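In case you want the letters, here they are:
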Number of protein chains: 2
Amino acid sequence: MGREWNPEDIDRTRFTVDEWSLREDRFDERDFGHTEALFTVSNGYIGFRGNYEEGRSNHEQGSYVSGLHETWQIHHAEDAFGFATVGQSMVNAPDARPMRLYVDDEPFIPDKAEILDYHRRLDFRSGELTREILWRTPEGKLVSIQSSRLVSFTQRHLALMRLTVTMVEGDAPIALSCQILNRQDGEDEFGVVQHSLGKGIEPRKAAAFSHRVFEPRYRDQQGLRSVLGYRVAKSGMTVAVAADHRIETGNEYQTSGTISDDRARNVFEIEAREGVPTTVTKYVAYHTSNGYPVQELVDRCGRTLDRAMADGAEEIRRQQRAWLDEFWERSDVRVADQPEIQQAVRFNLFQVIQASARAEQRGIPAKGLTGSGYNGHYFWDGEIFILPFLVYSNPEVARNALRTRVQMLDQARARAVELSVDGALFPWRTINGEESSAYYAAGTAQYHIDADITYAIAKYVRATGDTEFLAREAIDVVVETARMWASLGFWRGFNGRRTFNIHGVTGPDEYTTVVNNNLFTNVMAQFNLQYAVDALAEIALKHPDDAALARTRLHITDDEVERWAQQAAHMEIPFNEHFGIHPQDEQFLDREVWDLAGTPLDKRPLLLHFHPLVIYRFQVIKQADTVLALYLRSDAFTAHEKLADFEYYDPITTGDSTLSGGVQSIVAAEVGYQELAYDYFVNALFTDLDNLHRNTDDGLHMACAGVLWSALVSGFGGLRDVTGELAFDPRLPERWSELSFPLTVQSTRVRFTVTRDALRAEVEVGDRVRFTVRGRPYEVRAGQLCVVPLDGQGPVLPGEPDISQLGELRREDGTLLTTSIPVQTGSIPLPHTVAEA
Amino acid sequence: MGREWNPEDIDRTRFTVDEWSLREDRFDERDFGHTEALFTVSNGYIGFRGNYEEGRSNHEQGSYVSGLHETWQIHHAEDAFGFATVGQSMVNAPDARPMRLYVDDEPFIPDKAEILDYHRRLDFRSGELTREILWRTPEGKLVSIQSSRLVSFTQRHLALMRLTVTMVEGDAPIALSCQILNRQDGEDEFGVVQHSLGKGIEPRKAAAFSHRVFEPRYRDQQGLRSVLGYRVAKSGMTVAVAADHRIETGNEYQTSGTISDDRARNVFEIEAREGVPTTVTKYVAYHTSNGYPVQELVDRCGRTLDRAMADGAEEIRRQQRAWLDEFWERSDVRVADQPEIQQAVRFNLFQVIQASARAEQRGIPAKGLTGSGYNGHYFWDGEIFILPFLVYSNPEVARNALRTRVQMLDQARARAVELSVDGALFPWRTINGEESSAYYAAGTAQYHIDADITYAIAKYVRATGDTEFLAREAIDVVVETARMWASLGFWRGFNGRRTFNIHGVTGPDEYTTVVNNNLFTNVMAQFNLQYAVDALAEIALKHPDDAALARTRLHITDDEVERWAQQAAHMEIPFNEHFGIHPQDEQFLDREVWDLAGTPLDKRPLLLHFHPLVIYRFQVIKQADTVLALYLRSDAFTAHEKLADFEYYDPITTGDSTLSGGVQSIVAAEVGYQELAYDYFVNALFTDLDNLHRNTDDGLHMACAGVLWSALVSGFGGLRDVTGELAFDPRLPERWSELSFPLTVQSTRVRFTVTRDALRAEVEVGDRVRFTVRGRPYEVRAGQLCVVPLDGQGPVLPGEPDISQLGELRREDGTLLTTSIPVQTGSIPLPHTVAEA
């Protein structure tokens, strides 16, 4: 659980509100880790954490290339058959950012220097990180330092950096040392080896290595261009990085260079006169592969640089701006008259596109490319929390993300064999497609990953109409995941009622593991099975040749498809008549209830203070599980059920995971807890900006950033689309006057605007779109403004569901559990039973 | 699952049947690992695996001192709060066994030598391992080699070895090199470092280390005496080993010696003439401690050797024989006219006393001191499988074993705090008292260890009447374990019926983990809670002063004791009305049934071929769980329930653990499957002798050896004693004419003899004993022969419970699961559903 967001918490004299950028107007080294993550620039392929150009004091130096990883043997303290064996960790790519400044031979080190003026800005429209500093040197000279950093959205392999130095008072000899630095294996400035140990997964942090990760394979320096090439020792990946430089100045200067296995330097020595600026532009290219010769990557780097330098920096910046202008046209969610909210919304959407735009057939890591948390692994975050935004605003990015899964299919098939199921079982956490979770109870047991992927495919196909992708590629995933469910589940009959059951799985909530008939898993598996049936029918109609090929390739029979339909139709959906709610799993309601209110804050999050065996035997939830099902499968639950389920689960949900808040917000809004919905929303919105979970240092919470879009569009905008139809039932927050967002549906872009008394729709690109509002159908056409009057914003319930009320209900009901209260025993709090017979 | 025993499997031309020894009459190096374990000599403190004197070719060199261990940091691939952190591994004590022979400078190496005659014998009455060899040297000379090895039962720290060499044909110079050798860190003969890696627990094997384990602290050689002393690097234990020598010969000889940190040598060079024997006797002393200075242990070794050499070898052997004579009087179980069975029974009982006699306040490892399997850890094996034999035959050994637990109480209290429970939680596997299980689902989750310990205490106290031990020491364990249950469990009400429930535990069956209301756990916890109530009452009556002290020391209130009574009285005992059986846990019967008959033998044991997630979601049992409860809590089940439960569980029990067979045999005998009971018995009986589980190389299965006594006395003899009363209902196997066994009850020893038509009882030592036979009370007094006529041997059911019949029953019943059959998919068999809706 994080802190509650409080608008007072952010120092607005430092972080000035700006609707189109993240600004920092005072230097402060005390939260380096936090600001490093916030000021990341990335295109989803290259990611540069917001470390300073000088590349010195830092929390974590991070220069990443998506998917560039090392592998290692997982040593289980006690091994068993089928436990994951190949650990994977994103590594620090050779760092091409450093541009070090020396004036009168004194290095500029931000946290040691006397800084008279300081501004940093990450601009959401230019896609550039800029910094302006006025420095008084130890000798008392004034130096203006302006720098900028950009990772190109239009040219995947390209980054651009500029540093302009001007002596404001006095002349001085200046040196600018532009470097490429292997930090993964090398020593940093201060003689400390960055990574020296390498045992085990700290689930939230990067592993490090005791061996040399980057084996030198190439180095070359000609003129102002330096190139380094490596092979990654165990994973066999290859990487090349090249930097070329231009200098513009009215001062005299000379250049020199050195290169070694772990460092290339291009040094500019300038006789700087007062008032005469010097600008050095650094063009950087990264290329990586799963095993192509380094020489080939070196050649590619050369071509990237040649082209970029022919274009020039201004053209590259122009392209970046144009790309982002288009992005914002497709993506911008506007909250009228709420500049602080607006800034935070755009910050999050900007970070999501930075994490995904050019990832292409690499996945989207849980932290994007903003930190090494979670080892750079891909989880379900992409499919469930990030893709909805991409599907409706940047469908080609969504498609690429899904193709990543298609390309992992063979590994998923092999994993299915290890787990004794048919079809394919996707890994819970991975970079290269192999399972890398070393704790199966909260890892491999989350079989729902299969359904999450198919759910995302369905969403993409339905929103875009890209049935070709389905017919030619994604159908294999849809079918193989359906097969997994068909073999994992089994039929069980009772009193003539036969249902299809799924045992021994973990749902999204990792505070209860390896259970039977987890509601979330079952309704998602049901979706998966039914979608396999529907998808085959759809492609048979629209792409008969591809469909026939798929049936042959996958050995599909009509009998098998009929079985999936039966399994979906008769899926076990646990329901408890007493409480009138869906139990999270078959035994969930038999458990004791954890008294969250009685658990001191210094014992949160629970997973860091209680043994799993303790947590697992209580009713206590790490993150939305049944509540997430209510949203993702909103078609499968009545309004009454949603209210009852939400009221039961909300009070026992810790929010120890950042995945939770956005989802709780959406469902709270739907059932009528509108203030609560808003609270959940702002807490999710400022999770990283205000470092509410105190671990933004390790990287931004990308799923949390992604689901904010859903909280806006599906929560407050009230959009549901699980059946393919766009259905609105808005819940505009009391304190907002207007919320608007564009949706691109089958190539037509419509901007929807929710006000207190209407929903407006206007086609921005394309022809027409159909949708419903509170059950009534509408169509908006190009050139029209469609206005649907709204009678209020849904039900409004006071307060929030109350745990003590829950306890009351139980005692009146007289049927079930006593509530247990953790009390202090020995040195840690103890879940304890208070009532006795 | 092991092989089925087949009497043809043991080559009786090599392993001659002998009722009082294990004999090997032909040399064969192909099964070194197996015979090394079988021919172990040990007193429970010092253990010498049956490696040859020459100390060369071997499967595993093993010279152990009980509890001598090294610790290491457990690295979890993915860590969590409360996971065990301190790994513990029994280490190879400096090896004082080697006595190497050279004739004409040629070494005698058994597996390379031309051996003309060979006999080896482990004598159960002399307690000596002897070997006789006739060797033709490469030069063609004949040499007779006779050796013996003994670890003293009467002098805990003493071992004795003798080697007699006689030139049968020809004279020759002979060298005898008597050594103490640090094998743990040193290099062996062939230049191979014994232990070089040290990562993780292979749950069944010893860990090894990359660091030096034995830090040299002392070495000294004076005359024929050598002494080495060490500190164990991480655990901080200390050890000293000393050897002194005597030579008797008519030949001329000279002596020399060398000593270094890792090896001491005393060498005898003899001018051997034909027909003139040379005997060297080696006296060896081991002393270890948890941290006393090495010098003190060195001094102790000196005193041990001085005394032993003053006694002389013959006296030591005489004492050994006398000790064993008494042991057999107290312990010998006799099966008339079944020499092969008789030999195997005595072998197993002999190995149990070898593992336990002088362990004293060290525990009894799962493999005794016969191999490094299971890292030398203590589990519940001692309390549940081994102690019943010791309690009724060697109560002082049982008492010492229980005191080991009393001494672990502080660590168990600390572990309880980590697991958020009150009282004490004993470790699932340990040497030093700290939890060393690195896989909690099949480790720490076995909370039943607490009840197992208290159950063993109750058995000991009731059988011996040693309430003083209870009042002064064991009461703390009884109370603190009761408290653990009281806090782990919780009250739950349904329709006015409130019961005490225990969630989130693993029972003995490790093929189903972390379940709710495991029947075994609940009935054992019930016993634990009730015994705490009863024990406090008993000591208050018999030892009021001690009782008052205990109540103060442990802060016991009447309210608390009353709560235990309530919790025990209202313990949840799951029962399924449909099947008329007790489900192993609350959800056990909801699971699919694993088709064992359809699982190929090369996929057994299941744990080596299926991911835990696969195994756990099926009804399939590694080892007796509910069936064990039927035996241990025989007072809590009706005959009808026992039959129904046994018939349900037996067919789905794999026997993948050697703990299972003996228990299945006992309950099979009780309910009437008498042929099956016999089959289980002989398979358990020959588990190690015939290496049925193919892993006897790693050490003997001590719990299996121990429970054989229960299979004989409680299974065939029909003894039940859970309430403290000796109640017999014999089940003599069809093919046996007579079974007899002594029981020592409150210092009176009675020999019971079961024949086809009577049970006889005769007091051998002491006054009188009461018992019942099939419900009727008897008393036997000194000098009387009490004969109770028997009308048959209980019910006789044909065949055995049948899995397919189980399937039939289900289909007729029409209520529950389809049976699932593992079939081949990909490269491994797949548990798969056959029936569809």
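Source: prediction; values computed, not measured. (Residues numbered from 1 in each chain as written. Chains lettered and ligands numbered in written order. Predicted model: local features only at pLDDT ≥ 70, side-chain atom pairs only at ≥ 80, totals over all residues. Heavy atoms only, no water.)

Asks: Please set out the overall build of chain A residue by residue, giving values where relevant.
Replies: In terms of helices and strands, chain A carries 19 helices and 34 strands. For 837 residues, the compact-globule estimate of 2.2 N^0.38 gives 28 Å, and chain A sits close to it at 27 Å. Structurally, chain A occupies a C-alpha span of about 90 × 70 × 60 Å along its principal axes. Sorting the 837 residues of chain A into buried and exposed places 68% on the buried side. In chain A, of all internal contacts separated by at least 6 residues, the share reaching a separation of at least 24 is 69%. (Helix = DSSP H or I, 4+ residues; strand = E, 2+ residues; numbered from the N terminus. Rg over C-alpha atoms; globule rule 2.2 N^0.38 Å. Buried < 20%, exposed > 50% of the residue type's maximum accessible area, 1.4 Å probe, protein only. Contact = heavy atoms within 4.5 Å.)

Asks: Go over the pairing of strand 15 (residues 225-232) of chain A with me, naming the residues and quoting the values.
Replies: For a regular strand, side chains alternate in direction, first toward one face of the sheet and then toward the other. Residues and elements named next belong to chain A. By the criterion of burial, strand 15 is predominantly enclosed, with seven of the eight residues buried. Where strand 14 (residues 214-222) folds back on strand 15, the antiparallel hairpin that results is connected by two residues, among which Gly223 adopts a positive phi of roughly 60 degrees. Sheet topology note: the strand 15/strand 16 (residues 238-249) ladder contains six bridges and is antiparallel. Residue pairing in the sheet places Val227 in a bridge with Ala242 of strand 16. Linking strand 15 to strand 16, which pair antiparallel, is a turn of five residues; within it Gly236 sits at a positive phi near 80 degrees. (Pairing = 2+ DSSP bridges.)

Asks: Please give an account of the pattern of salt bridges that cites residues and values.
Replies: All names here are of chain B. Counted according to the given criterion, the structure contains 138 salt bridges over all chains. The closest approach of N and O atoms between Arg483 and Glu560, which form a salt bridge, is 2.7 Å. A residue pair is termed long-range when its members are at least 10 positions apart, and Arg483 in helix 9 (residues 467-488) and Glu560 in helix 12 (residues 558-569) qualify at 77 residues. Classification of Arg483 as buried rests on a relative accessible area of 12%. (Salt bridge = Lys/Arg side-chain N within 4 Å of Asp/Glu carboxyl O.)

Asks: Give a description of the packing of aromatic side chains that names residues and reports values.
Replies: All names here are of chain B. Counting across every chain of the model gives 92 aromatic pairs over all chains. Ring geometry for Trp594 versus Phe610: centroids 4.8 Å apart, planes at 85 degrees, classification edge-to-face. You can see Trp594 sitting in the loop between strand 23 (592-593) and helix 13 (612-616) and its partner Phe610 sitting in the loop between strand 23 and helix 13, a full 16 residues away along the chain. Comparing Trp594 with Phe610, the two get one shared label, buried. (Phe/Tyr/Trp six-rings, centres within 6.5 Å; stacked < 30°, edge-to-face > 60°.)

Asks: Any chance you could break down the sheet that holds strand 4 (residues 63-65) of chain A for me, citing the residues and the numbers?
Replies: All names here are of chain A. If you trace the three strands from one edge of the open sheet to the other, you get 2-3-4, paired in antiparallel fashion. The open sheet has two free edges, formed respectively by strand 2 (41-42) and strand 4, since each of these has just one partner strand. Relative to strand 4, strand 3 (residues 46-48) runs antiparallel, the two being bridged by three bridges. Its bridge partner lying in strand 4, Ile46 is registered against Val65.

Asks: A description of the environment of Val707(A) should follow, citing residues and the corresponding values.
Replies: Residue and element names in this part refer to chain A. Looking at where Val707 falls in the secondary structure, it is placed in helix 18 (residues 702-716). With relative accessibility at 2%, the residue Val707 sits in the buried group. If near-sequence neighbours (up to four positions away) are discounted, Val707 is found in contact with Phe385, Gly662 and Val663.

Asks: Can you break down the side chain of Asn266(A) residue by residue, with the values?
Replies: Residues and elements named next belong to chain A. By secondary structure assignment, the location of Asn266 is in strand 18 (residues 263-272). Judged by its relative accessible area of 2%, Asn266 is buried. Only 2.6 Å separates the side chain of Asn266 from the side chain of Ser226, close enough to count as a polar contact. Filtering out sequence-adjacent residues up to four positions away, Asn266 remains in contact with Leu176, Ser177, Cys178, Gln221, Gly223, Leu224, Arg225, Ser226, His245, Ser256 and Gly257. (Polar contact = N/O pair within 3.5 Å; in protein donor to acceptor, adjacent residues only side chain to side chain.)

Asks: Mind laying out the sheet that holds strand 3 (residues 46-48) of chain B, listing which residues take part and the relevant values?
Replies: The strand order 2-3-4 (chain B) describes an open sheet built from three strands, whose pairing is antiparallel. Looking at strand neighbours, the two that pair on one side only are strand 2 (41-42) and strand 4 (63-65) of chain B, the edges of this open sheet.

Asks: Explain the confidence of the model for chain A to me, and be specific about the residues and the numbers.
Replies: All names here are of chain A. Considering every residue of chain A, the mean pLDDT works out to 92; 93% of them sit at 70 or more. Confidence over residues 189-207 falls short of pLDDT 50; this stretch has 65 contacts with residues more than four positions distant or in other chains. For the stretch residues 807-837, pLDDT sits under 50, and the model shows 91 contacts to residues farther than four places along the chain or on other chains. (pLDDT = per-residue confidence, 0-100.)

Asks: Lay out a negative patch on the surface with the relevant residues and their values.
Replies: Taken together, the side chains of Asp105(A), Glu106(A), Glu139(A), Glu252(A), Glu269(A) and Glu271(A) define an acidic patch exposed on the protein surface. Positionally, Glu271(A) belongs in strand 18. (Patch = residues over 30% accessible without salt bridge, like charges linked within 9 Å, V, L, I, M, F, W, Y side chains within 5 Å. Areas by Shrake-Rupley, 256 points an atom, 1.4 Å probe, with all protein chains shown as cover. Lys, Arg positive; Asp, Glu negative; His and termini not counted. Charge placed at Lys NZ, Arg CZ, Asp CG, Glu CD.)

Asks: Got a sec to walk through helix 2 (residues 294-311) of chain A? Specific residues and values, please.
Replies: The periodicity of an α-helix, 3.6 residues per turn, causes residues three or four positions apart to be oriented the same way. All names here are of chain A. The first and last C-alpha atoms of helix 2 sit 26 Å apart over 18 residues, in line with the 26 Å expected at 1.5 Å per residue. Among the residues of helix 2, Val294, Leu297, Val298, Cys301, Gly302, Thr304, Leu305, Ala308 and Met309 are the ones counted as buried. Projected down its long axis, helix 2 shows its buried positions confined to an angular sector of 165 degrees, all on one face. Buried-residue contacts for helix 2 involve strand 12 (158-169), strand 14, strand 15, strand 16, strand 19 (278-289) and helix 3 (313-331). (Expected span 1.5 Å × (residues − 1). Arc of directions from axis to C-beta.)

Asks: Outline the pairing of strand 12 of chain A, listing residues and values.
Replies: Residues and elements named next belong to chain A. Across the 12 residues that make up strand 12, a large majority, 10, are buried. Judged from the 10 bridges that link them, strand 11 (residues 142-151) and strand 12 form a sheet pairing that is antiparallel. Bridge pairing in strand 12 places Ile145 opposite Val165. With eight bridges joining them, strand 12 and strand 19 adopt antiparallel strand pairing. Across the sheet, Leu158 pairs through a bridge with Ala285, a residue of strand 19.

Asks: Go over the environment of Val406(B) with me, naming the residues and quoting the values.
Replies: Note that Val406(B) resides in helix 6 (residues 395-407). Each C-alpha atom of the pair Val406(B) and Ala474(B) lies 6.3 Å from the other, and the pair is 68 residues apart in sequence.

Asks: How would you summarise the packing of helix 9 of chain B against helix 10 (residues 519-542) of chain B if you had to cite specific residues and measurements?
Replies: Residue and element names in this part refer to chain B. Two elements in contact, helix 9 and helix 10, have axes separated by 9 Å at closest approach and are oriented at 140 degrees. Judged on the interaxial angle alone, helix 10 and helix 9 are oblique. As helix 9 runs across helix 10, the sense of the crossing is left-handed. Residues Thr467, Leu470, Ala471, Ile475, Val478, Val479, Thr481, Ala482, Trp485 and Ala486 of helix 9 lie in contact with helix 10, whose contacting residues are Thr521, Ala525, Asn528, Leu529, Tyr531, Ala532, Ala535, Leu536, Glu538, Ile539 and Lys542. (Axes fitted to C-alpha atoms, helices over the stretch in contact; angles between N-to-C directions. Parallel < 35°, antiparallel > 145°, perpendicular 65-115°, else oblique. Left-handed = near helix turned anticlockwise from the far one by under 90°.)

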